[in-house]
Amino acid sequence: VFRLVGHLVYWGKATIIYPLCETNVYRISPTAVLDSSDLHENFAQNFPNNPCLFSSLSEFSAPTSLADFTNPLTFDPQEQAERVRIVVWLLKNFMLIQLRTYVYLSIDKSPSDLSSFLISRKEYDSNENFQSMSVHDDYKLIRNLLSKHLNTSETDHFLNLYARQIGENRSFYDDVRLFCKLIKYFNGQHHLEDIMFRENLRRHELMRILTEFNAVLITCSYEDELSAIFIEQ
């Protein structure tokens, strides 16, 4: 069965639809066939309450999440269910593509940042809280942890950005440890769902890391390259 499915997907006779959830983001496929009368008729037959294919497609002119497309404040439960079926139909007919969110590590290493780090270090060295054994130990542990994944200037800049959290947030070390574990995925090659699957993470756990360290991370959304290959065929 899997070999047959793989064959159909490879030759563009079938497509893989990932599980639908509210966070999924879709937009009109650049290769969508819009002038097929058969598709328009089929759409009208399947969705008599929303018979205009162009009207439904227009809602995905800009990237739109499934949550927005089925907004419960706008549509009743029956309408929401039908709009979910519309999304599935559009995906099956290669009219929509799903955008994935990818993450890039971006640490600025300018001289001004490094000089700022030295000033920050002096402030903390003279701070009574920083001189406490527990905070000082956390600082050393975090620096050693970061140095395994970042070069010296990147480590210095990271510590400069997040120096206060080391003294104020007792769980910060655990967050840095998870951040370092995920650094290998912050190269624009792994979308969020892929990271969650590989590391057995829940979405809220991953989003917490992306939010906490957003000063050194860049996120962007585009189509999964593997999916694009099959659709183009």
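Rules used throughout
- Per-chain numbering applies: the sequence of each chain, read as written, is numbered from 1 onward.
- pLDDT decides what is reported in this predicted model: residues at 70 or higher carry local features, side-chain atom pairs at 80 or more are listed and counted, and totals for whole chains, interfaces and linings draw on all residues regardless.
- Excluded from the side-chain calculation are hydrogens and water; included are all heavy atoms of the structure.
- The term salt bridge refers to a side-chain nitrogen of Lys or Arg lying within 4 Å of a carboxyl oxygen of Asp or Glu.
- Strands here mean DSSP runs of E at least two residues long; helices mean DSSP runs of H or I at least four residues long; both are numbered from the N terminus.
- When accessible area is computed with a 1.4 Å probe and restricted to protein chains, residues below 20% of their type maximum are described as buried, those above 50% as exposed, and intermediate ones as partly exposed.
- What makes two residues a contact is simply this: any of their non-hydrogen atoms within 4.5 Å.
- Strands qualify as paired when DSSP identifies two bridges or more between them.
- Inter-axis angles, ranging from 0 to 180 degrees, are taken between N-to-C directions of lines fitted to C-alpha atoms, where helices are fitted over the stretch in contact.
- The cut-offs work like this: below 35 degrees is roughly parallel, past 145 is roughly antiparallel, 65 to 115 is roughly perpendicular, and the gaps in between are oblique.
- Note on residue classes: Ala, Val, Leu, Ile, Met, Phe, Trp, Tyr, Cys and Pro are nonpolar, Asp, Glu, Lys and Arg are charged, and everything else, Gly too, is polar.
- Note: pLDDT gives the predictor's confidence per residue, expressed from 0 to 100.
- Nine residue types can take part in a nonpolar core, namely buried Ala, Val, Leu, Ile, Met, Phe, Trp, Tyr and Cys, and a core is a set of them joined through side-chain atoms within 4.5 Å.

For the coordinates displayed, the defined rule picks out 10 salt bridges. The closest approach of N and O atoms between Asp156 and Arg143, which form a salt bridge, is 2.7 Å. Of this pair, Asp156 sits in helix α8 (residues 152-161) while Arg143 is found in helix α7 (residues 133-147), placing the two residues 13 residues apart along the sequence. Judged by its relative accessible area of 13%, Asp156 is buried. Among the ionic pairs, Lys181 bridges to Glu199, the shortest N-O distance being 3.4 Å. Remark: Glu199 occurs in helix α11 (residues 192-199) and Lys181 occurs in helix α10 (residues 172-182); sequence separation between them is 18 residues. Classification of Lys181 by relative accessible area gives partly exposed; the value is 46%.

Take the environment of Phe47 next. Considering the arrangement of structural elements, one finds Phe47 in the loop between α2 (37-46) and α3 (53-58). It is 9.2 Å that separates the C-alpha atoms of Phe47 and Arg83, two residues lying 36 residues apart in sequence. If we skip the residues at most four places from it in the chain, Phe47 touches Glu82, Arg85, Ile86 and Trp89.

A few words on unusual backbone geometry. For Phe94, which is not glycine, the phi dihedral falls at a positive 60°. Mapped onto the fold, Phe94 is located in the loop between α5 (77-92) and β3 (96-105). By relative accessible area, which is 25% here, Phe94 ends up partly exposed. Positive phi, normally seen in glycine, also occurs at Asn200, with a value near 55°.

Extensive coverage of β3 is indicated by the burial of 7 of its 10 residues. Bridge analysis of β3 against strand β5 (residues 217-223) gives 7 bridges, and the strand direction is antiparallel. Along β5, the bridge assignment pairs Leu105 with Leu217. One ladder, built from 2 bridges, connects β3 with strand β4 (residues 187-191); its direction is antiparallel. By the bridge assignment, Tyr104 is partnered in β4 with Asn187.

Moving on, we come to the pairing of strand β1 (residues 25-28). Pairing geometry for β1 and strand β2 (residues 64-65), over 2 bridges, is antiparallel. Across the sheet, the residue bridging to Tyr26 is Thr64, located in β2.

The next subject is the packing of α10 against helix α12 (residues 203-212). At a minimum axis separation of 10 Å, α10 and α12 run at an interaxial angle of 100°. By the angle between their axes, α10 is roughly perpendicular relative to α12. Contacts between α10 and α12 pair Phe172, Asp175, Leu178, Phe179 and Leu182 from the former with Leu206, Arg208, Ile209 and Glu212 from the latter. In terms of residue class, the contact of α10 with α12 is built from 6 nonpolar, no polar and 3 charged.

What follows covers the confidence of the model for the protein chain. Per-residue confidence for the protein chain gives a mean pLDDT of 83; residues scoring 70 or more make up 83%. In this model, residues 111-122 is a region of pLDDT below 50 whose contacts with residues beyond four sequence positions or in other chains number 15 contacts.

Let us now look at the nonpolar core. Among the nonpolar cores identified, the biggest contains 30 residues, and Val176, Phe179, Leu182, Phe186 and Phe213 are the most heavily contacted of them. Residue assignment for this core shows that the elements contributing at least two residues are α7, α8, α10, α11 and α12. When near neighbours in sequence (up to four residues on either side) are disregarded, Leu182 contacts Ile195, Glu199, Leu201, Leu206 and Ile209. Ala32, Leu53, Leu57 and Leu66 belong to the second largest nonpolar core, which has 17 residues in total.

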